Amino acid sequence: MKSPQRILLIGAAGRMGQAVIGAAERQPAIVIAATCNRGERIDQRINDCDVVVDFSNADATQEICIACTRASKPLVTGTTGHSAAAKALIEEAARVIPIVAAPNFSIGINMLSLLARHAGDLLGESFDVEIVEAHHREKKDAPSGTAKRLAQILGGRKTVEVAIHSIRGGDIVGDHTIIFAGAGERIELTHRASSRETFAIGALRAASWVVDRPAGLYAMEDVLGLSRQ
Ligand SMILES: NC(=O)c1ccc[n+]([C@@H]2O[C@H](COP(=O)([O-])OP(=O)(O)OC[C@H]3O[C@@H](n4cnc5c(N)ncnc54)[C@H](OP(=O)(O)O)[C@@H]3O)[C@@H](O)[C@H]2O)c1
C-alpha cells in the first residue's frame, strides 16, 4: 500500500490550520506529519514531509520560500495579503519548486471565476462590474485575495476598473458577489462559503496534485483542470 502523503502545516493553530487538520483526519492518504506556528523554525521541521501547506501570514513568505527551495519541497500556499515583494519571492521560488498559490481553494469559487470570465466577455463594456466581498471581523487583509483575483480576471478584459467593496463583521466565512450592472437590468453572481472545510479539502487536493509537478507557479484552476475552459 502507498504510504500516506506527509504534510508540514504552517499556521496550524489558526482557523484554517485547524480546518486542514480536521479534513486530513478524514483522509487516510494524507497525514499532517509536522506543524509550525509563529515563532517556530520552518527549516527545522521541513525535512520529514513531502509537501508544505501554508495558511499563516504574508510576513512568513520569505522564510517559507527559502525553506522550501533549500529542502526542494513543493508548496501549497493559501495565505493572502502578499505585498509585491512577497509575490516576487513566490515567483522566484517557483523557478525551483512547484507551487500552488491560491487565494481560494473552494471548487465553487473557482467555478464562479470561470462563469465571471465568460459573463464579462459576453456582456462587454456596456455593463459595469463591481465586486462585493464579506468576511469575518478577524480577517487581516482587505479586500480579500479572492476579490482581487476576480477583479484581475474581469479587469484584464475591460478598460474600466473593477471596484471592490469590502464588508467585515461577525463570523462570515466568505461571501463574494460580482454585479454586472447594465441599463435597466443587472446580473449578480454570488458564492457563499459556509464552512472552512471547503477550503481545507481544496488545499489537500492541491497538495496531492502538486507533488508530481515540475517547478512552476500554479493556480487552483490548474489543479481543477479549469484553466483551459
Ligand atoms: N486560500 C484559501 O482558500 C483561504 C481560505 C481562508 C483563509 N485564507 C487565508 O489564509 C490565511 C490564514 O487565515 P486564518 O483565518 O486561518 O488566519 P488565523 O486564524 O489568523 O491563522 C493564522 C495562523 O498563522 C500563524 N502565523 C502567523 N505568522 C506565522 C509564521 N511566520 N509562522 C507560522 N505561523 C504563523 C498565526 O499565529 P498568530 O495568531 O500568533 O499570529 C495563526 O495561528 C489568511 O491569509 C487568510 O486570508 C485562505
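Before reading on, note that the structure itself is shown above.
The rules behind each value
Residues numbered from 1 in each chain as written. Predicted model: local features only at pLDDT ≥ 70, side-chain atom pairs only at ≥ 80, totals over all residues. Heavy atoms only, no water. Near = heavy atom within 4 Å. Polar contact = N/O pair within 3.5 Å; in protein donor to acceptor, adjacent residues only side chain to side chain. Areas by Shrake-Rupley, 256 points an atom, 1.4 Å probe, with all protein chains shown as cover. Nonpolar A, V, L, I, M, F, W, Y, C, P; charged D, E, K, R; others polar. Helix = DSSP H or I, 4+ residues; strand = E, 2+ residues; numbered from the N terminus. Buried < 20%, exposed > 50% of the residue type's maximum accessible area, 1.4 Å probe, protein only. Axes fitted to C-alpha atoms, helices over the stretch in contact; angles between N-to-C directions. Parallel < 35°, antiparallel > 145°, perpendicular 65-115°, else oblique. Contact = heavy atoms within 4.5 Å. Pairing = 2+ DSSP bridges. Salt bridge = Lys/Arg side-chain N within 4 Å of Asp/Glu carboxyl O.

K.L.:
Which parts of the structure should I look at to understand the site of the ligand?
P.N.:
Taken together, 25 residues lie near the ligand, and Arg 15, Met 16, Thr 80, Phe 105 and Lys 139 sit nearest. Between the ligand and Arg 38 there is a distance of 3.0 Å, counted from an oxygen atom to a side-chain nitrogen or oxygen. In isolation the ligand offers 920 Å² of accessible surface; the protein chains occlude 82% of this area. Looking at the shell around the ligand, its residues break down into 10 nonpolar, 9 polar and 6 charged.

K.L.:
Got a minute to help me understand unusual backbone geometry in this structure?
P.N.:
A negative phi holds for most residues other than glycine; trans holds for most peptide bonds. The amide bond that connects Ala 142 to the next residue, Pro 143, takes the cis arrangement and shows omega of -5°. For Pro 143, the position within the fold is in the loop between strand 6 (128-135) and helix 5 (145-155). Even without glycine at this site, Ser 72 takes up a positive phi of about 55°. Ser 72 gets classed as exposed once you look at its relative accessible area, which sits at 53%.

K.L.:
Please clarify how the packing of helix 2 (residues 61-71) against helix 3 (residues 84-93) should be interpreted in this entry.
P.N.:
Angle between the axes and distance between the axes are the two parameters that describe a pair of packed helices. In contact at an axis separation of 9 Å, helix 2 and helix 3 are set at 5° when each is read in the N-to-C sense. One element, helix 2, and the other, helix 3, form an angle in the roughly parallel class. Facing helix 2, whose interface residues are Thr 61, Gln 62, Cys 65 and Thr 69, helix 3 presents Ala 86, Leu 89, Ile 90 and Ala 93.

K.L.:
Just checking my understanding: could you explain the sheet that holds strand 5 (residues 98-101) for this structure?
P.N.:
Consider a sheet: its strands pair through backbone hydrogen bonds, and that pairing is either parallel or antiparallel. Overall, parallel pairing links the 6 strands, which are arranged 2-1-3-4-5-10 in an open sheet. Two strands in the sheet have a free side with no partner beyond their single neighbour: strand 2 (30-36) and strand 10 (216-218). Strand-to-strand twist of the sheet, defined as the mean angle between neighbouring strand axes without regard to direction, takes the value 20°. Where strand 1 (residues 5-10) lies against strand 3 (residues 51-54), 4 bridges are found, and the strand directions are parallel. Bridged to Ile 10 within strand 3 is Asp 54.

K.L.:
Quick question: what am I supposed to make of the pattern of salt bridges here?
P.N.:
In a structure, side chains of opposite charge can pair up when their charged atoms sit close to one another. Using the criterion set out here, one finds 10 salt bridges in the structure. With a shortest N-O distance of 3.2 Å, Glu 197 and Arg 26 are connected by a salt bridge. Here the residue Glu 197 occupies a position in helix 6 (residues 197-210), and Arg 26 occupies one in the loop between helix 1 (15-25) and strand 2, the gap between them amounting to 171 residues. With its nearest N and O atoms 4.0 Å apart, the salt bridge here joins Arg 38 to Asp 59. Of this pair, Arg 38 sits in the loop between strand 2 and strand 3 while Asp 59 sits in the loop between strand 3 and helix 2, placing them 21 residues apart in sequence. According to the relative accessible area criterion, Arg 38 is exposed, its value standing at 70%.

Honestly, that's just the spatial picture; any functional story needs more than this.
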